[in-house]
Amino acid sequence: VITEYNVRGPANLDRLEHLYLRHAMLYEADCFFETNQYREALQRYEEAASTLQDSTSALSAYVQIINCNVFLGRRPEARAALARALIVVDAIPQATFDDAMSPETRQDWKGYFEWLGTSGLF
């Protein structure tokens, strides 16, 4: 699914195909993450965040990008990913949050990422 839809390009996918692509990309990354293959997971989450940059799913990918970097002992990279996540959360159109299936608002995401930055976890 990922290969086929990436060849076609996100602009050429209908709404259902976007959903399939999003789920496939995040599922693949999650499989690597859950089997402690953090480098591979990190690569897949980065690809998902880039492809899904106008979607709230990109924010979920950033959570895992941060986690992968922490587990790899790459704390500066985790903080850099957090900074990027804060930029992305502001860049996503409000209509995207309004139409999302998940109940999290822009403020919910910003609050989470800001808390994470002050948590001392990395």
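Look up a bit, the structure's there.
Residues numbered from 1 in each chain as written. Predicted model: local features only at pLDDT ≥ 70, side-chain atom pairs only at ≥ 80, totals over all residues. Heavy atoms only, no water.

**Details of the packing of aromatic side chains**
For the structure on display, the rule yields 7 aromatic pairs. Here the aromatic rings of Tyr112 and Trp115 are separated by 6.0 Å at their centres, their planes lie at 35 degrees, and the arrangement is tilted. With Tyr112 and Trp115 both in helix 7 (residues 106-118) and 3 residues apart, this pair spans about one turn of that helix. Owing to a relative accessible area of 33%, Tyr112 belongs among the partly exposed residues under this scheme. Here the aromatic cluster, defined as three or more aromatic residues joined through ring pairs, consists of Phe33, Tyr38, Tyr45 and Phe71. (Phe/Tyr/Trp six-rings, centres within 6.5 Å; stacked < 30°, edge-to-face > 60°. Helix = DSSP H or I, 4+ residues; strand = E, 2+ residues; numbered from the N terminus. Buried < 20%, exposed > 50% of the residue type's maximum accessible area, 1.4 Å probe, protein only.)

**Side note on helix 2 (residues 15-34)**
In this model helix 2 runs 28 Å from its N-terminal to its C-terminal C-alpha over 20 residues, within 8% of the 28 Å that 1.5 Å per residue would give. Every buried residue of helix 2 is listed here: Glu17, Leu21, Met25, Leu26, Ala29, Phe32 and Phe33. Viewed end-on, helix 2 has its buried residues packed into an arc of 155 degrees, placing them on one side of the element. Exposed and oriented more than 90 degrees from the buried face of helix 2 are Arg15, Tyr27 and Glu34. Elements that come into contact with the buried residues of helix 2 comprise helix 1 (2-8), helix 3 (38-51) and helix 4 (57-71). (Expected span 1.5 Å × (residues − 1). Arc of directions from axis to C-beta. Contact = heavy atoms within 4.5 Å.)

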